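Working through the structure, step by step
What follows is each chain in one-letter form.
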Amino acid sequence: MDFTFSEDQLLFQASVRDFLVNEVTPARVRSSWETETGRDSQLWSQLTELGLTGMTVPEEFGGLGMNEVDFVLLAQECGYVALPEPLVHTAMVAVPLLVELGGDLAARWLPKIASGEARVVVGVEQNLLVEDAHLADLLLIQKGSSLFAASQEQVALRYNESVDPSRKLYAVDVGNDATEVASGGEAQTLVDRAMNRGALAAAAQALGLAQRMVDMSVQYTSERQQFGQAIGAFQAVKHHMANVAVQLEYARAPVHRAAYEIAANSKLAEQAVSHAKLVACEAANLAAKNSIQVHGAMGYTWEVDLHIFMKKAWALANTWGDAGFHKSRVADHIFAESAALGAGATFA
């Protein structure tokens, strides 16, 4: 059995990478922070024209009908440029949840997402704050044991600052006039699946962020001179970047495997996602730490673009479940497997 990506998937990734690197520059990311909404409406239109907002929308609703395996490579590229727009959230969380809800809700909103006319965000209780809630035409929000669909008029928003200026976070209070779309066990199942997809989205972006910080650091250390030579020639500097490169390479397979498990609706999806989120975010955090180290004092300044990627990596590590949450899920899986096999193993 071949678990590698197809030639078409890799070519699509390369074409999206070329577009994003050319269009989503650090300067453009910074400029979006200064807009009234904190977002670049022209960039969203460009993403729509490429068909990216409709990638996971079923074909009958005007999309491309692709799945998490198809999009995970693109999510990495979004992380590589620290894309502020909620493309990854839309494709990997909002669209699949609408598809699972089905009915009139899906029929009304999925075509609008594919055409770029509407933005839909999902909020679950594991995430206390919802990103881009201020721009959403539809909010799918968990409240207790129910899942609600609400418009802007049916919610109250409270803005919260983020360590990452690109993230616009809001606490969302759902009004009594919102529509309950699922409750009880059905709602919990939908929320759990949304959690898995959100964690996968964060993990995939973390891979891209880690790679970008490595690339920036390699470039900087190739140009920065000390004692008559580039500091990248010093063994201590090489070790910093080599350590990140090794951890990053070992994180790729778990992320890709998690995408496969979710797309296949596998019973192993939960533990696969938690494993992926842990190793990808650990790689991104190490990349941030070591990149600051090799940049020296300059790495801490606002003027150096490194902080754009570093802060997003820190933020993603604590969204869609922090390290403690995902370690607990992996541990629960290990103990459950051990009990099922009757191994009687003891873990420290």
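With that out of the way, let us pick up the overall build of the protein chain. Check the secondary structure of the protein chain and you find 11 helices and 9 strands. Over its C-alpha trace the protein chain gives a radius of gyration of 21 Å, about what one expects of a compact globule, namely 20 Å for 348 residues. Referenced to the eigenvectors of the C-alpha coordinate spread, the extents of the protein chain come out at roughly 70 × 60 × 40 Å. Counting the 348 residues in the protein chain, one finds 52% classified as buried. Considering only intrachain contacts with a sequence separation of at least 6, the fraction spanning at least 24 residues in the protein chain is 69%. As presented, the protein chain carries roughly 15,900 Å² of accessible surface, and 52% of it is formed by carbon and sulfur atoms. Of the charged side chains in the protein chain, 25 are positive and 41 negative; the average position of the first set lies 7 Å away from that of the second.

Okay, the packing of helix α2 (residues 26–33) against helix α10 (residues 306–317) next. When two helices pack together, their arrangement is given by the angle between their axes and by how far apart the axes lie. For the pair α2 and α10, interaxial distance at closest approach is 10 Å and the crossing angle is 65 degrees. What the angle tells us is that α2 and α10 run roughly perpendicular. Facing Pro26, Val29, Arg30 and Trp33 of α2, the residues of α10 in contact are His307, Ile308 and Phe309. Counted by class, the contact of α2 with α10 contains 5 nonpolar, 1 polar and 1 charged residues.

So, on to unusual backbone geometry. Here the phi dihedral of alanine 82 falls at roughly 55 degrees; this positive angle occurs in a residue that is not glycine. One non-glycine residue, aspartate 132, lies in positive phi territory at about 65 degrees. Within the secondary structure, aspartate 132 is located in the loop between β2 (130–131) and β3 (138–143). The class of aspartate 132 is buried, set by a relative accessible area of 2%.

This next bit is on the sheet that holds β2. The strand order across the open sheet built from 3 strands is β2-β6-β5, with neighbouring strands paired in antiparallel fashion. A strand with exactly one partner marks an edge of an open sheet, and here the two such strands are β2 and β5 (155–160).

Glancing now at the nonpolar core. Residues Leu47, Phe71, Leu140, Met213 and Val255 are the most contacted members of the largest nonpolar core, which totals 97 residues. Per-element tally for this core: the top contributor is helix α7 (residues 184–223), with 18 residues. If we ignore the near neighbours within four places in the chain, the residues touching leucine 47 are Phe19, Leu20, Leu52, Thr53, Leu83, Glu85 and Leu87. Val130, Ala136, Phe148 and Val172 belong to the second-largest nonpolar core, a separate cluster that totals 13 residues.

Bringing the environment of glutamine 76 into the picture now. Relative to the helices and strands, glutamine 76 is located in helix α4 (residues 68–80). For glutamine 76 and glycine 208, which are 132 residues apart along the polypeptide, the C-alpha to C-alpha distance reads 4.5 Å. The residues contacting glutamine 76, other than those within four sequence positions of it, are Gln13, Ala204, Leu207, Gly208, Arg252 and His256. A distance of 2.8 Å separates a polar atom in the side chain of glutamine 76 from a polar atom in the side chain of histidine 256.

When pLDDT is averaged along the protein chain, the result is 92; 95% of the residues meet or exceed 70. Per-element confidence in the protein chain ranges from a low mean pLDDT of 65 for strand β8 (residues 225–226) to a high of 97 for helix α5 (residues 87–101).

Okay, the sheet that holds strand β7 (residues 179–183) next. Taken in spatial order, the 4 strands make up an open sheet running β1-β3-β4-β7, and their pairing is mixed. At either end of the open sheet lies a strand with only one pairing partner, and these are β1 (120–123) and β7. Within this sheet the neighbouring strands show an average axis-to-axis angle of 20 degrees, counted without direction. Relative to strand β4 (residues 146–150), β3 runs antiparallel, the two sharing 5 bridges. Counterpart to leucine 139 in the pairing with β4 is alanine 150. Of the strands in this sheet, β1, β3, β4 and β7 are in contact with α5, which crosses β1 at around 85 degrees. The strands touched by helix α6 (residues 103–114) are β1, β3, β4 and β7; relative to β3, the strand with the most contacts, the crossing angle is about 130 degrees.

Conventions we followed
- Residues numbered from 1 in each chain as written.
- Predicted model: local features only at pLDDT ≥ 70, side-chain atom pairs only at ≥ 80, totals over all residues.
- Heavy atoms only, no water.
- Helix = DSSP H or I, 4+ residues; strand = E, 2+ residues; numbered from the N terminus.
- Rg over C-alpha atoms; globule rule 2.2 N^0.38 Å.
- Buried < 20%, exposed > 50% of the residue type's maximum accessible area, 1.4 Å probe, protein only.
- Contact = heavy atoms within 4.5 Å.
- Areas by Shrake-Rupley, 256 points an atom, 1.4 Å probe, with all protein chains shown as cover.
- Lys, Arg positive; Asp, Glu negative; His and termini not counted.
- Charge placed at Lys NZ, Arg CZ, Asp CG, Glu CD.
- Axes fitted to C-alpha atoms, helices over the stretch in contact; angles between N-to-C directions.
- Parallel < 35°, antiparallel > 145°, perpendicular 65-115°, else oblique.
- Nonpolar A, V, L, I, M, F, W, Y, C, P; charged D, E, K, R; others polar.
- Pairing = 2+ DSSP bridges.
- Core = buried A, V, L, I, M, F, W, Y, C linked by side-chain atoms within 4.5 Å.
- Polar contact = N/O pair within 3.5 Å; in protein donor to acceptor, adjacent residues only side chain to side chain.
- pLDDT = per-residue confidence, 0-100.

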